[in-house]
Structures are given as C-alpha cells and as structure tokens.
Amino acid sequence: MSFIRNFQRLFLSQKSVGNVSWLLHRVTGVALAIYLLPHFISIHSSQLGQQMFDQELNVYTTPFFKFAEFILVLTVAFHMFNGLRIIALDCFNLVGHQKLLFGLALFCCTAVLISASFLFVPQILLSSP
Amino acid sequence: MGITVKIRRCSGHTDDNFRFDTFEVPLTDNSNVLDVVNYIQNNLDPTLAFRYSCRAGMCGTCSMRVNGKNRWTCRSTVKSLRSKMLTIEPLPHYPIIKDLAVDMRPFFDRYRHVRSEFVSKHPTSKEFAKIQPNSKERRDIDPQIECITCGCCYGECNLVETNSGYLGPAAINRAFTLIADSRDSAGEERLDLLNSPQGAWGCHTQFNCTDVCPMGISPTRAIQKLKRKEVGHAFKKFFS
C-alpha cells in the first residue's frame, strides 16, 4: 500500500508537462518491452515450418489482436516522438521549448492515430464474428 | 473576506504522526500566504511553527507547499492562488523540525558538496576580469545566477526521493554557473564530481524544479548544458 501511496504522491500528483511525459515514456517503454517477448516467440515459429507460422499468424487476425495492434502502433508512436523530444532536449539548447516539443510529439501521435484508424478500424469491424 | 486554511501539523522528526488543523483567517486585498500563517500564529494558535526572515523575496526561508506546489509564501498572494481554501504543508523531501519548519541541512550539504564557492584562477590579481555582456559565457550564466536557495526545487524534484544520493537541482545549477565561468579554477574538479548518477546524469528532465522556481530559473537548462559539457570533458580526458 505504501508503494502505491508513494507512487501516487510522487508521480501522479504533479500534473506538469515534464512529469506526464516522463511517466508516459516509462509506461510505453515497459509495455513495448513486454510486447517483445510474445513477438519473438511468434517470429521464432517461422523456423518450425510454414504451416506452424501460418497457424501462429492466424491467431492475430481476431478483433482483439487487431485492436491490440492498433494500440501497439500508438504506443510505438508516442515512445518514438517523445524519444525524439528527449534527444532534442539533450543535444540542443531547447529546454525553454519543452512544452512546445511535447505538444509537437502529441500532434504527431494524433496524426498517427488518425492514419492508423483508417487502416485498423475497418479491419477490426470486418474481422468481428 | 476570509479564507479556510488547512495546515499540516507535525511535532517530530518523522512525518508519520501528522494531522491537519483548520483555521478561518480574515484577508485583505493583498494578503499573502505568509501573512495568513502569521495571523494564525499571532491570533489563533501560538504553537504553530514556521520559518521566515526578510518578507521581501530575497532570503528564501519562507518556502512552504501551498495547495500542492512549493512556493515562496512571502510573495504568493492568496488572491493569485484562486482558491477558496489553502492547504499548507512543509516542503517535501526535508526532515521536519516542527509543523511547517523543515531542516534545510540535506539541501545545503549537497550545495557545499559541489564546491559552491568561487575558486579564483588569479586570487592575487588586482585587475578586473573582462567578460563581455553579450559573450556566450555571460549568456549561459546569466539566467542561472539569481538563485536565493529557497529549496523549492529540491522539495519538488522526484529524483531527490527516488535516488538518495542525488545532489538536487539547486546544487547542480550552482556548479554549472561556476563551471561555465572562465575565471573559476575548480571547473574540472566539479565536472568529475558531477559525472555520476548522483550528479548531472541523475536528472530525468521532469522539469518539476523549473516549474516551481520562484525566481524563474530553469535548473533543468543548466543540467542539460552540464550534460553536454560532461560529454566534451570525457572526450577531452579520453584523448589527452
């Protein structure tokens, strides 16, 4: 309980741009690291023959996995654009524009969200049972 | 016109046994938060402990956490907070002496640790050093030198709590102003000292220090510049 209380006090009570960006970057980073494990297992099935690989890939055509793929694209997009923001802050004298840079990162994520919606929403709807 | 004030009370060195006391305080148009706690101590509860000195925004002793943000209370008017209630707490990340008075030793210990004193290259010289106002050196240092050591940034920085040896924004900011100063001779020593997870690399650019600094200083800017200086310093050492 004290861990949750401390986490809430330290990381959720401050709603500043820098804090929110820091927290989201960690959350998306951990999510991507977790995703890599089943991803590697799936890719490894290609070594076990074409039938096995097709069977494995068929699992990912269900609406649940299509939706998960959509979320994955957004997660990668945020982690990438915010990562570029962090690199810009580290390498150039842009600290005074950190809020603008975060806004830009969110804008790019929104662009990815809209573009990905065109691709994924029909797939999710069409693959529904 | 008045306001409800909730004050976190604590009598010991740990903040485990705390309580919130509520007071009703009358206000004038320009009342600041320090006036409010002064009124409570003078008229409602003389046992309330807090610290202040100059009342003019220069000494940096009256910092408290007001409505969830560290502020210099002598220059924070109640009106500017736009709230019907004030919640006043001691600065986080400091040992509490009593109520709102905290022990600033961790802050100043770290401040001293980075060699915060100026070490002249030419201590016996009678000549003034000539540094042009528009030089890069001056432009780097100027925005960082008005620190009044109020400790707000140290109290707001999450890394101070999660990384126990972290030197904190104010100390690193001070070190940067001296490292960037061409008249100072201890720059390399400070660069070596700050080239660690407890120094410049401990900052995760959360900007909490920048958001609360009452003087408008951005310690994050100093730390980011220092990180670049650290990389240059490491290359220099490697090839020399």
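What counts, and where the lines are drawn
Residues numbered from 1 in each chain as written. Chains lettered and ligands numbered in written order. Predicted model: local features only at pLDDT ≥ 70, side-chain atom pairs only at ≥ 80, totals over all residues. Heavy atoms only, no water. Helix = DSSP H or I, 4+ residues; strand = E, 2+ residues; numbered from the N terminus. Buried < 20%, exposed > 50% of the residue type's maximum accessible area, 1.4 Å probe, protein only. Phe/Tyr/Trp six-rings, centres within 6.5 Å; stacked < 30°, edge-to-face > 60°. Core = buried A, V, L, I, M, F, W, Y, C linked by side-chain atoms within 4.5 Å. Domains from an automatic or database assignment. Contact = heavy atoms within 4.5 Å. Buried area = accessible area lost by both parts, 1.4 Å probe. Salt bridge = Lys/Arg side-chain N within 4 Å of Asp/Glu carboxyl O. Polar contact = N/O pair within 3.5 Å; in protein donor to acceptor, adjacent residues only side chain to side chain. Expected span 1.5 Å × (residues − 1).

(A) Summary view of the overall build of chain A. Within chain A, the secondary structure is distributed over 5 helices and 0 strands. The helix and strand sequence of chain A, counted from the amino end, reads α-α-α-α-α. For the C-alpha atoms alone, the extent of chain A along its principal axes is close to 55 × 40 × 30 Å. Counting over 129 residues, chain A shows a buried share of 27%.

(B) Expanded view of the packing of aromatic side chains. One pass over the full model with this rule turns up 13 aromatic pairs over all chains. Considering the side-chain rings of Phe-70 of chain A and Phe-120 of chain A, the 5.7 Å spacing of their centres and the 45° angle between planes classify their relative orientation as tilted. In this pair, Phe-70 of chain A is assigned in helix H4 (residues 63-91) and Phe-120 of chain A in helix H5 (residues 98-126), connecting sequence segments 50 residues apart. Like Phe-120 of chain A, Phe-70 of chain A is buried. Summarising the aromatic geometry, the rings of Phe-235 of chain B and Phe-239 of chain B are spaced 6.3 Å apart at their centres and angled 5° between planes, so their arrangement reads as stacked.

(C) Quick look at the nonpolar core. All names here are of chain B. Tyr-94, Phe-107, Tyr-166, Ile-172, Leu-194 and Leu-226 are the most contacted members of the largest nonpolar core, which totals 32 residues. Broken down by secondary-structure element, the contributors of at least two residues to this core are helix H3 (105-113), helix H5 (152-156), helix H6 (158-162), helix H7 (169-179), helix H8 (187-194) and helix H10 (219-239). Among the elements that make up this core, the one with the highest residue count is H7 (6 residues). When residues of this core are assigned to domains, at least three fall in each of domain 1 (2-102) and domain 2 (105-239). Those residues in contact with Ile-172 that lie beyond four places of it in its chain are Tyr-166, Leu-167, Leu-194, Gly-199, Ala-200, Ile-223 and Leu-226.

(D) View of the interface of chain B and chain A. Facing 18 residues of chain B, the contacting portion of chain A comprises 18 residues. Between chain B and chain A, the buried area comes to about 1,500 Å², and carbon and sulfur atoms account for 44% of it. When the buried area of chain B at its contact with chain A is split by residue, Gln-206, Phe-207 and Arg-228 of chain B rank highest and sum to 33% of it. Inspection of the chain B/chain A interface yields 0 salt bridges. Across the chain B-chain A interface, the total number found is 8 residue pairs in polar contact (both at pLDDT 80 or more). Of all the secondary-structure elements, those providing two or more residues to the side of chain B that touches chain A are H6, helix H9 (208-212) and H10 of chain B. No other element matches H10 of chain B, which puts 6 residues into the side of chain B that touches chain A.

(E) View of helix H1 (residues 33-44) of chain B. Residues and elements named next belong to chain B. In this model, H1 (12 residues) spans 16 Å end to end at C-alpha, consistent with the 16 Å of a helix rising 1.5 Å per residue. Buried residues of H1: Val-33, Leu-34, Val-36, Val-37, Asn-38 and Ile-40, and no others. Contacts from the buried residues of H1 go to strand E1 (2-10), strand E2 (18-26), strand E3 (63-66), helix H2 (78-81) and strand E5 (85-89). The N-cap of H1, judged by a side-chain oxygen 3.2 Å from the amide nitrogen of Leu-34 a few residues on, is Asn-32.

(F) Seen up close, the domain arrangement of chain B. Residues and elements named next belong to chain B. Domain parsing of chain B yields domain 1 (2-102) and domain 2 (105-239). The straight-line distance from the C-alpha centre of domain 1 to that of domain 2 is 30 Å. Taken together, the contacts link 16 residues of domain 1 with 18 residues of domain 2. Carbon and sulfur atoms make up 57% of the area that domain 1 and domain 2 hide from each other, which totals about 1,200 Å².

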